[in-house]
Number of protein chains: 2
Amino acid sequence: MSHSLSPAGPHQDIVISSRVRIARNLESFPFPHLMTPDQSLELVQQVQQAVSAIDPHDHHPFRWIALRDINPVDRQTYVEDHLISPALADNPENGGFFIDSQQRRSMMVNEEDHLRIQCMLKGLQLEEAWKEADQLDDRLGRLLPFAFDETFGYLTACPTNVGTGVRISVMLHLPALTLLGFINGLIHAAGQLGFAVRGVFGEGSEYMGNLYQISNQITLGLQEPEIISNLEDIVLQVIQKERMARKNLLSRQRIDLEDKVHRSLGILTHARRLSRKEAMQYLSDLKLGVSLGMISTCTLDDLHQLIEIIQPANLQKHCGELLREVERDCRRAELVRKILTEGGVSDVHE
Amino acid sequence: MSHSLSPAGPHQDIVISSRVRIARNLESFPFPHLMTPDQSLELVQQVQQAVSAIDPHDHHPFRWIALRDINPVDRQTYVEDHLISPALADNPENGGFFIDSQQRRSMMVNEEDHLRIQCMLKGLQLEEAWKEADQLDDRLGRLLPFAFDETFGYLTACPTNVGTGVRISVMLHLPALTLLGFINGLIHAAGQLGFAVRGVFGEGSEYMGNLYQISNQITLGLQEPEIISNLEDIVLQVIQKERMARKNLLSRQRIDLEDKVHRSLGILTHARRLSRKEAMQYLSDLKLGVSLGMISTCTLDDLHQLIEIIQPANLQKHCGELLREVERDCRRAELVRKILTEGGVSDVHE
């Protein structure tokens, strides 16, 4: 269990996490989609050597996980915990990743690029996440020959990443803006400013549980500090808007809101079958209720952990068996009921 | 509080109540809609004298309630408890009713007809209800000159009641047939056989809480025992169909049903605002759950009483104040929550 989504840090009532990802490739190898299995293996070995060389300086050493060595449910669990990308999990033969003991930093090998360095922190901590990822990039860059072009900057498999190779994203919980119908306008405005808004599981994923990921689209022609400060600016504006929307709801539709929040609690504590999407929606309502002081029987932290546990792979891992979707819906309902009525996620969260 | 809907008697899990109503008019007066206020008053006095004369023979004496002496909320409470008709409550100046100490029998005076004798019993007890109403009719008929025609039978203000003047109805709870979409077919078939299916508050009222009232349409050319046995036949068939439908749901969609029933319980115990219609729907689900042994924290009797208390007038009477609809929805939610979580309708039901 990663606890990666546990809230903490600045603006934790709205910002779930801040993430910096740096794409790097080694000049001596073709891009992953063109590599032979032998080349993939050799790349992994070179990266492993480099990580071993820098590791002694690190307080939280990295562990290597080859995807072929773990089962599909475990792979999917890492995806759900945002430690690896769906693309990496879909290509388990040659890929793997390093993960530090705190689960703050990870490095995917043989994803779309040779190397994807990631740092994910709780709350709004873009600067800090950038600092940690950048430091790791610097250290590895001294040992590995990263493909770099004087004109274009860092070269990447997909042209959208060329330049800095940096993608910065913030995951936000925006129930009030969603409820008031302001999300589409927000997505449009962010797009105009060069930022993309996606669902909780990245590109192509649905918006679930009123969670939205805002990330930079532009990697070329901008310096990293500029990208970070631009994103931070827009995120701070969104946070302010969400706070205003919550205040608005509280002052104008308090009973409607209390009714909604408590009904969601009622359904979560009584349903015998819960789809992931539905559970995330009701948990989103509950999070809003906790943030606004309407619900005091659980904490934001409990709910964030609960959202993790009820994802399909995490749920199957928790239950210790493979489950069909309809079975998952029943077990999910059972688990949510147990946790919310008997209290504390920690008991089931080993 | 009438407790008139409390279930008991045969088929109490499906049949809420059996009701017999006899329309009678006095030949010496014009029909109510043509009467002067003085005539109305005189009629009331004649009926009162007759009731006083038969009362000594009655174990459960009648009490006279003049509608002009009670406030609109109290009038509406009697309507909700099915002791008087909406039509009588709407014309409080000249009307009133007698009610026995058990609230089994009532007699409306100056409704559409001069006299409407009613007996309402729990469960399927048409014969018994008929016996009690018929006995009362006989006794009063000896003292009052009922308008009767050799060809047509008893004369009534509306031609649909001419003949026996008898309307027999059974109130049924049919959640499984409703869920499986068989209700429209049933209503059509009943119509073909000369029976009408209406909502819980009679003509023009919506179907709420999966409650349906089946009554005879034909009062002319049939003897009372025939009307009763025809209605009993069709009701027994409907009961059988509802039982089959419940069995079907249990064997084929058990989890869906458990999910539905428990979600309804969750919403009822958590909502902060409940409309009457919504509350009745969820309470209907709960009744089904109790009947099928899925819910054991309350009884059918509790739920029937709860359905009575949450009706607009009963609710206002319980709260001791006049309430706007939006306030009623909040107080209704509060009351339902209290009763279902703290247990027992009896505490709030004085």
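Treat the numbers as computed from the prediction; the structure is a model and nothing was measured. (Residues numbered from 1 in each chain as written. Chains lettered and ligands numbered in written order. Predicted model: local features only at pLDDT ≥ 70, side-chain atom pairs only at ≥ 80, totals over all residues. Heavy atoms only, no water.)

### What to know about the overall build of chain A
Here is step 1 of the chain: The helix and strand inventory of chain A stands at 12 helices and 10 strands.
Here is step 2 of the chain: Since a compact globule built from 350 residues should have a radius of gyration of about 20 Å, the 21 Å found for chain A is in line with a globular shape.
Here is step 3 of the chain: Taking the principal axes of its C-alpha atoms as reference, chain A extends roughly 65 × 45 × 35 Å.
Here is step 4 of the chain: Scored against the burial criterion, the 350 residues of chain A give a buried share of 57%.
Here is step 5 of the chain: Sequence separation of at least 24 residues holds for 70% of the intrachain contacts in chain A that already meet a minimum separation of 6.
Here is step 6 of the chain: About 15000 Å² of surface is accessible on chain A, with carbon and sulfur atoms providing 49% of the total.
Here is step 7 of the chain: Side-chain charges of chain A comprise 35 positive and 47 negative groups, with the mean position of each set lying 6 Å from the other. (Helix = DSSP H or I, 4+ residues; strand = E, 2+ residues; numbered from the N terminus. Rg over C-alpha atoms; globule rule 2.2 N^0.38 Å. Buried < 20%, exposed > 50% of the residue type's maximum accessible area, 1.4 Å probe, protein only. Contact = heavy atoms within 4.5 Å. Areas by Shrake-Rupley, 256 points an atom, 1.4 Å probe, with all protein chains shown as cover. Lys, Arg positive; Asp, Glu negative; His and termini not counted. Charge placed at Lys NZ, Arg CZ, Asp CG, Glu CD.)

### Examining the sheet that holds strand 10 (residues 211-216) of chain A
Residue and element names in this part refer to chain A.
Here is step 1 of the chain: Strand order across the open sheet formed by eight strands is 2-3-4-5-1-8-10-9, with antiparallel pairing between neighbours. Each having just a single partner strand, strand 2 (62-66) and strand 9 (195-198) make up the two edges of the open sheet. Mean inter-strand twist for the sheet, computed between neighbouring axes without regard to direction, equals 20°.
Here is step 2 of the chain: Here strand 8 (residues 166-173) pairs with strand 10 via five bridges, running antiparallel. Bridge pairing in strand 10 places Ser169 opposite Ser215. (Pairing = 2+ DSSP bridges. Axes fitted to C-alpha atoms, helices over the stretch in contact; angles between N-to-C directions.)

### Considering the packing of aromatic side chains
Here is step 1 of the chain: Applying the stated criterion to the full structure yields eight aromatic pairs over all chains.
Here is step 2 of the chain: For the pair B:Trp64 and B:Phe98, a centre-to-centre distance of 4.7 Å together with 50° between the ring planes defines the contact as tilted. Linking B:Trp64 in strand 2 (residues 62-66) with B:Phe98 in strand 3 (residues 96-100), this pair joins segments that are 34 residues apart in sequence.
Here is step 3 of the chain: The ring of A:Tyr154 carries A:Arg24 above its face, with NZ or CZ at 3.4 Å from the centroid. (Phe/Tyr/Trp six-rings, centres within 6.5 Å; stacked < 30°, edge-to-face > 60°. Lys NZ or Arg CZ within 6 Å of the ring centre and 35° of its normal.)

### Side note on helix 1 (residues 37-54) of chain B
Residues and elements named next belong to chain B.
Here is step 1 of the chain: In a regular helix each residue adds 1.5 Å, so 18 residues correspond to 26 Å; helix 1 covers 26 Å between its end C-alpha atoms and thus fits that length.
Here is step 2 of the chain: Of all the residues in helix 1, the buried ones are Ser40, Leu43, Val44, Val47, Ala50, Val51 and Ile54. All buried residues of helix 1 lie within an arc of 130° about the axis, which places them on one face of the element. In this structure, helix 1 carries Asp38 and Gln49 as exposed residues pointing more than 90 degrees from its buried face.
Here is step 3 of the chain: Considering only its buried residues, helix 1 is in contact with strand 2, strand 3, strand 4 (105-109), strand 5 (115-122) and helix 4 (126-143). (Expected span 1.5 Å × (residues − 1). Arc of directions from axis to C-beta.)

### Describing the sheet that holds strand 3 of chain B
Residue and element names in this part refer to chain B.
Here is step 1 of the chain: Reading across from one edge, 2-3-4-5-1-8-10-9 is the order of the eight strands in this open sheet, with antiparallel pairing throughout. At either end of the open sheet lies a strand with only one pairing partner, and these are strand 2 and strand 9 (195-198). Direction aside, the axes of adjacent strands within the sheet are offset by 20° on average.
Here is step 2 of the chain: In the packing of helix 4 onto the sheet, contacts are made with strand 1 (15-24), strand 2, strand 4, strand 5 and strand 8 (166-173), and the angle to strand 1 comes to roughly 25°.
Here is step 3 of the chain: Lying over the sheet, helix 9 (residues 276-291) contacts strand 1, strand 8 and strand 10 (211-216), oriented at roughly 75° with respect to strand 8.

### A word on the relation of the copies chain A and chain B
Here is step 1 of the chain: Mapping chain A onto chain B calls for a rotation angle of 180° and an axial translation of 0.1 Å; the resulting RMSD is 0.0 Å. A rotation of that kind, with that shift, is consistent with a two-fold axis. Scanning chain A for the C-alpha nearest the rotation axis identifies A:Gly266, at a separation of 2.0 Å.
Here is step 2 of the chain: Counting the interface residues of chain A, we find that 100% of their copies in chain B are interface residues as well, pointing to one common contact surface. (Least-squares fit on C-alpha atoms with pLDDT ≥ 70 in both.)

### Some points on the confidence of the model for chain A
Residues and elements named next belong to chain A.
Here is step 1 of the chain: Mean pLDDT for chain A: 89, with 94% of residues reaching 70 or above.
Here is step 2 of the chain: Considering each helix and strand of chain A separately, the mean pLDDT is smallest for strand 7 (residues 153-154), with a value of 84, and largest for helix 8 (residues 254-268), with 97.
Here is step 3 of the chain: In this model residues 1-7 is a low-confidence stretch, pLDDT under 50, and it forms 34 contacts with partners more than four residues away in sequence or in other chains.
Here is step 4 of the chain: Scored as a complex, the prediction yields pTM 0.88 and ipTM 0.86. (pLDDT = per-residue confidence, 0-100.)

### Looking at the side chain of B:Asn25
Here is step 1 of the chain: By secondary structure assignment, the location of B:Asn25 is in the loop between strand 1 and helix 1.
Here is step 2 of the chain: In this view, B:Asn25 contacts B:Phe31, B:Pro32, B:Asp113, B:His114, B:Pro145, B:Phe146, B:Ala147, B:Leu155, B:Thr156 and B:Ala157; residues no more than four positions away in its chain are not counted.

### Examining the pattern of salt bridges
All names here are of chain A.
Here is step 1 of the chain: Per the stated rule, a full pass over the model turns up 38 salt bridges over all chains.
Here is step 2 of the chain: Linking Asp13 and Arg243 is a salt bridge whose minimum nitrogen-to-oxygen distance equals 2.6 Å. Of the two residues, Asp13 sits in the segment before strand 1 (15-24) while Arg243 sits in helix 7 (residues 224-252), which places them 230 residues apart along the sequence.
Here is step 3 of the chain: In this structure Asp13 comes out as partly exposed when scored by relative accessible area, which is 24%. (Salt bridge = Lys/Arg side-chain N within 4 Å of Asp/Glu carboxyl O.)

### Some remarks on the interface of chain A and chain B
As a measure of interface size, the accessible area lost when the parts come together is often cited.
Here is step 1 of the chain: With 18 residues of chain A at the contact, the number on the chain B side is 18 residues.
Here is step 2 of the chain: Summed over both sides, the interface between chain A and chain B buries roughly 1500 Å², with carbon and sulfur atoms accounting for 58% of that surface.
Here is step 3 of the chain: It is A:Arg263, A:His270 and A:Arg272 that lose the most area in chain A upon contact with chain B, and together they represent 38% of the buried surface on that side.
Here is step 4 of the chain: Here B:Arg263 makes a salt bridge to A:Glu278, at a shortest N to O gap of 2.5 Å.
Here is step 5 of the chain: Linking chain A with chain B are 10 residue pairs in polar contact (both at pLDDT 80 or more), by the criterion used here.
Here is step 6 of the chain: Breaking the side of chain A that touches chain B down by element, the ones donating at least two residues are helix 8 and helix 9 (276-291) of chain A.
Here is step 7 of the chain: Considering each element in turn, the side of chain A that touches chain B owes the most residues, nine residues, to helix 8 of chain A.
Here is step 8 of the chain: Broken down by class, the residue content of the side of chain A that touches chain B amounts to seven nonpolar, four polar and seven charged. (Buried area = accessible area lost by both parts, 1.4 Å probe. Polar contact = N/O pair within 3.5 Å; in protein donor to acceptor, adjacent residues only side chain to side chain. Nonpolar A, V, L, I, M, F, W, Y, C, P; charged D, E, K, R; others polar.)

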